[in-house]
Amino acid sequence: MTPDDCLDLQYQLRYRAEYSTRYHRRRAAFLGNFDTLLTLLTIAAGATTFGELMSGTPGWLSKIGAAAVTLMSLAQVILRLGPQASAHVHWLKRWTELQTSIILTRCPTPNDIQQWTVLATTIETECVGELRALCRDCENIAARVMNIPNRQCQIHPVQKLLIHFGTWQQSFPTIADPPVE
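## Overview of the packing of aromatic side chains
Each aromatic ring pair is characterised by the separation of its centres together with the angle its planes make.
Item 1. Per the stated rule, a full pass over the model turns up four aromatic pairs.
Item 2. Note on Phe 30 and Phe 165: the rings are 5.3 Å apart at their centroids and 90° apart in plane angle, and the pair reads as edge-to-face. You can see Phe 30 sitting in helix α1 (residues 3-54) and its partner Phe 165 sitting in the segment after α6 (157-161), a full 135 residues away along the chain.
Item 3. Taking 6.0 Å as the distance between ring centres and 85° as the angle between the ring planes, the aromatic pair formed by Phe 34 and Phe 165 counts as edge-to-face. Of this pair, Phe 34 sits in helix α1 while Phe 165 sits in the segment after α6, placing them 131 residues apart in sequence.
Item 4. Site record: aromatic cluster; members linked through ring pairs are Phe 30, Phe 34 and Phe 165.

Structure (structure tokens):
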């Protein structure tokens, strides 16, 4: 492997680390914030229900509050939002460490490339689920930041709005870069 080959592979690994850190940062923030929101709503619904029951005349509000508490608590248990957010924080930390190592190495050796590739693959195998649209969006941002041409993918506005809830868009066509004048 020539020094130029090592530099090319280093750049590819740096791009991979760049979009992966963005992905896990956004996912951890979303899941943590969504878990906090559900917790606050559960507290508010529970307090409302408790107040209705204490007044001695429980009505429709207490029924709605009890149902809301049950549904939100069930969602938190099934979706495991808090633990998932923590897992993404862990993966973010590992990708950031790898990214830092890649950036700080001026002249990578084949051994460096091999170690980085093994570490990147190990991290990726730990994170089995991936939202394709969110990944493409993070790749778009990373490509813009690193000035990599012809990497932008089109993400439908509705998909972009609901990017953390699933990937419905079947294909992500490449957007042609504007011609350089």
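## Considerations on the environment of Ala 17
Item 1. If you trace the backbone, Ala 17 turns up in helix α1.
Item 2. Sequence separation between Ala 17 and Thr 96 is 79 residues; the distance between their C-alpha atoms is 7.3 Å.
Item 3. For Ala 17, the residues in contact, after removing those within four places along its chain, are Trp 95 and Gln 99.

The rules we used
- Residues numbered from 1 in each chain as written.
- Predicted model: local features only at pLDDT ≥ 70, side-chain atom pairs only at ≥ 80, totals over all residues.
- Heavy atoms only, no water.
- Phe/Tyr/Trp six-rings, centres within 6.5 Å; stacked < 30°, edge-to-face > 60°.
- Helix = DSSP H or I, 4+ residues; strand = E, 2+ residues; numbered from the N terminus.
- Contact = heavy atoms within 4.5 Å.

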